[in-house]
Amino acid sequence: MSVIRSCLESVRSQVQQCANGRNINLVAVSKFHPVEQLMEAYEAGQRHFGENYMQEFLAKADLMPKDVQWHFIGNMQSQKCKKIASVKNLYAIETIDNEKKARLVNQAREAIQTPLRVYVQINTSGEPNKAGVMPSEALELCKIVQSLEYLRLQGLMTIGSISHSHLQDQNPDFQLLSDLRLKLQKELNSALELSMGMSSDFPLAIKYGSDSVRVGSSIFGSRPEEKPESVVSSN
């Protein structure tokens, strides 16, 4: 058994143990890892993969099997929205944090006549360097997303503070997003999923109600510090 397959099975087991019967989506975050490693996870049954950078995402989407369900989970610049959203087997964009991006993604999906799931990204930690809309502005943005014909509001996403991710029993970012979901579901009269939790804290995120966890290093190992020149291994 390959190391990646073994690690993937270990993460799946942990997810199942924490889920208490709930269906949790595991997104394998493959940033900076070559296609060969993604294929090891794919051959072990993994279909949901997450990417952070447009060029890397587009290159991998072109090379990987077409039944892969891609999640774009990186900070998305407005001028790149169209290219990212035009990938037909894109499952979701998880980083919608303003009206302009929402409308650009909607236009791109209208062009291919296919609706797209999106998550509104929330800045739960209040850190100025973090992307995401502030919690107090989330309702307005969610309503805008709901009004757009080719977008489907899937839920809320957060990347919490690094310091909170190392806490063992409680996490203010997860608590805030969980509470915000309850409030917004009433206001919007619509069910919302939560995308929160990464390698260091996904078990706790699931306990707080996360429906989707984004796990990278626990599956693929430590990623290179610098972006590789190619998405294909040079070995």
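You'll find the protein entered in an unreviewed UniProt entry as Pyridoxal phosphate homeostasis protein, with Schizosaccharomyces osmophilus given as the organism. For the protein, the Function (unreviewed entry) comment in UniProt is given as "Pyridoxal 5'-phosphate (PLP)-binding protein, which may be involved in intracellular homeostatic regulation of pyridoxal 5'-phosphate (PLP), the active form of vitamin B6."

**Student:** Describe in detail the overall build of the protein, supporting the description with residues and values.
**Tutor:** Counting its secondary structure elements, the protein contains 10 helices and 8 strands. Relative to the globule expectation of 18 Å for 235 residues, the C-alpha radius of gyration of the protein, 17 Å, shows essentially globular dimensions. Along the first, second and third principal axes, the C-alpha atoms of the protein reach 50 × 45 × 35 Å. Taken over 235 residues, the protein has a buried fraction of 50%. Taking the contacts inside the protein whose residues are at least 6 apart along the sequence as the reference set, 59% of them involve residues at least 24 apart. If you sum the accessible surface of the protein, you get close to 11500 Å²; carbon and sulfur atoms cover 46% of it. When the 26 positive and 26 negative side-chain charges of the protein are each reduced to one mean point, those points stand 4 Å apart.

**Student:** Lay out the environment of Phe-49 in plain terms, naming residues and giving numbers.
**Tutor:** With respect to the element layout, Phe-49 can be found in strand S2 (residues 48-51). The exposure class assigned to Phe-49 is buried, which follows from its relative accessible area of 0%. For the pair formed by Phe-49 and Gly-216, sequence separation is 167 residues and the distance between their alpha carbons is 9.5 Å. The contact partners of Phe-49, leaving out residues within four places of it in the chain, are Val-27, Ala-28, Ser-30, Leu-38, Ala-41, Tyr-42, Met-64, Val-68, Gln-69, Trp-70, His-71 and Phe-220.

**Student:** Go over the pairing of strand S1 (residues 25-29), please, and point to the residues and values.
**Tutor:** Buried residues dominate S1, accounting for 4 of its 5 residues. Two elements, S1 and strand S8 (residues 212-215), share 4 bridges in a ladder whose sense is parallel. Of the residues in S8, the one forming a bridge with Asn-25 is Ser-212. Summarising the sheet, S1 and S2 pair through 2 bridges and their orientation is parallel. By the bridge assignment for S2, Ala-28 is matched with Phe-49.

**Student:** An account of the packing of helix H6 (residues 138-147) against helix H8 (residues 172-188) is requested, with residue identities and associated values reported.
**Tutor:** Interhelical geometry of H6 versus H8 gives an angle of 50° and a closest axis separation of 11 Å. Overall, the two elements H6 and H8 adopt an arrangement that is oblique. When the axes of H6 and H8 are compared, the crossing they make is right-handed. Of H8, the residues touching H6 (which contributes Ala-138, Leu-139, Cys-142, Lys-143 and Gln-146) are Leu-180, Leu-184, Glu-187 and Leu-188. Among the residues making up the contact of H6 with H8, the classes are represented as 6 nonpolar, 1 polar and 2 charged.

**Student:** Give me unusual backbone geometry: which residues, what numbers.
**Tutor:** You will see that Asn-20, though not glycine, has its phi angle at about 50°, which is positive. Positionally, Asn-20 belongs in the loop between helix H1 (3-19) and S1. Classification of Asn-20 by relative accessible area gives exposed; the value is 71%. In this model, Gln-113 sits at a positive phi of 55°, which is unusual for a non-glycine residue. Looking at where Gln-113 falls in the secondary structure, it is placed in the loop between helix H5 (99-111) and strand S5 (116-121). The class of Gln-113 is exposed, set by a relative accessible area of 53%.

Conventions adopted
Residues numbered from 1 in each chain as written. Predicted model: local features only at pLDDT ≥ 70, side-chain atom pairs only at ≥ 80, totals over all residues. Heavy atoms only, no water. UniProt positions renumbered as here; feature names shortened; annotations may be inferred. Helix = DSSP H or I, 4+ residues; strand = E, 2+ residues; numbered from the N terminus. Rg over C-alpha atoms; globule rule 2.2 N^0.38 Å. Buried < 20%, exposed > 50% of the residue type's maximum accessible area, 1.4 Å probe, protein only. Contact = heavy atoms within 4.5 Å. Areas by Shrake-Rupley, 256 points an atom, 1.4 Å probe, with all protein chains shown as cover. Lys, Arg positive; Asp, Glu negative; His and termini not counted. Charge placed at Lys NZ, Arg CZ, Asp CG, Glu CD. Pairing = 2+ DSSP bridges. Axes fitted to C-alpha atoms, helices over the stretch in contact; angles between N-to-C directions. Parallel < 35°, antiparallel > 145°, perpendicular 65-115°, else oblique. Left-handed = near helix turned anticlockwise from the far one by under 90°. Nonpolar A, V, L, I, M, F, W, Y, C, P; charged D, E, K, R; others polar.

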